[in-house]
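# Coordinate inspection notes
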Amino acid sequence: MTLSKLLRLIGLPEEAAEGVLKAAERGMEGMEPLIAALTDPLHAERAERELEERLRGEKWGVLACLLLAAARAHEEYVRLGIPEKVYEDTMGCFTRFVKEHRALMGEWAFDRGWWAWRATALRLFRIGTLEYELLSGEKRALSLHIPSDASLDLKACRSSHEAARTFFAAYFPAYARAPVVCSSWLLHPALKELLGEESNIVRFQSLFDIVRVDEDDISYRAFVFRRTDGDIADYPENTTLQRRLKEHLLRGGHMGSALGIWKETE
């Protein structure tokens, strides 16, 4: 997989694609060992941190290195026999992150390297509407992530889960029966009261046993309001969720995140 082909495959916005190609053309002197390390799950996180330090001030440098690693990771996908659709959908995270940055900050840029190395190191896969991250350690688990463009339709989520079980049994059998865990603002109990039983978000919550609630997590602000600071009274009210959550917060209500475990009997 060449870099140019990958950029076309994932539909990276033109300005970002031009910046990435120019950064790559400049040679990325000394970056080759770090680019190679981005495909290694044992070293990818550290390599990404070092890239951030060494390429500080180079707008598209880190993204260029990550995409070069993503193009290289295609060889491992082929070796394992993983479908091309999974590769395309997984690496589409780079396009999504660039677009999210523009929506939040008003300019094309990339600031999610601290997260995206999971894709280049084959630790994260998008299966249908949802993403699944391999968690190693004392007890293996699959960490479920909800992309910003995901459908929370119950049928789509269940279909993703079923496909993920088949996928991991085939390509990462050690994770075939690993529990699926999710930590997200979408699982916070306050949403049930705010949105009602017919909401897709509340139906999504029904797929999980909630085991912990974090009232201090404010990550929901970026996802719901596209704001991370400022006075809540000034936050937008363009959607039903924005209006109801803003009113809830102004009344002194709580909002945060929660940790859930997928109910395998569903």
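Residues numbered from 1 in each chain as written. Predicted model: local features only at pLDDT ≥ 70, side-chain atom pairs only at ≥ 80, totals over all residues. Heavy atoms only, no water.

## Description of the side chain of His188
Within the secondary structure layout, His188 lies in the loop between β4 (180-184) and α10 (190-195). Within polar-contact distance, the side chain of His188 engages the backbone nitrogen of Ala190 at 3.1 Å. Beyond its immediate chain neighbours, meaning those up to four positions away, His188 contacts Gln205, Val213, Asp214, Glu215, His254, Met255, Gly256, Ser257 and Ala258. (Helix = DSSP H or I, 4+ residues; strand = E, 2+ residues; numbered from the N terminus. Polar contact = N/O pair within 3.5 Å; in protein donor to acceptor, adjacent residues only side chain to side chain. Contact = heavy atoms within 4.5 Å.)

## A few points about the pairing of strand β6 (residues 257-262)
Across the six residues of β6, five count as buried, placing the element largely inside the fold. Judged from the four bridges that link them, β4 and β6 form a sheet pairing that is antiparallel. Bridge pairing in β6 places Ser184 opposite Ala258. As paired elements, strand β5 (residues 208-214) and β6 share six bridges and run antiparallel to each other. Among the inter-strand pairings, Ile210 is bridged to a residue of β6, identified as Gly260. (Buried < 20%, exposed > 50% of the residue type's maximum accessible area, 1.4 Å probe, protein only. Pairing = 2+ DSSP bridges.)

## Considering the pattern of salt bridges
With the rule as written, the count across this model stands at 18 salt bridges. Note that Arg112 is salt-bridged to Glu100, the shortest N-O span being 2.7 Å. Taken together, the positions of Arg112 in the loop between α7 (93-105) and α8 (113-120) and Glu100 in helix α7 put the pair twelve residues apart, joining distant regions of the chain. Among the residues examined, Glu100 registers a relative accessible area of 11% and is labelled buried. Of the charged contacts, one joins Glu198 and Arg203 as a salt bridge, the two residues approaching to 2.5 Å between their closest N and O atoms. Accessibility expressed as a relative area gives 61% for Glu198, which makes it exposed. (Salt bridge = Lys/Arg side-chain N within 4 Å of Asp/Glu carboxyl O.)

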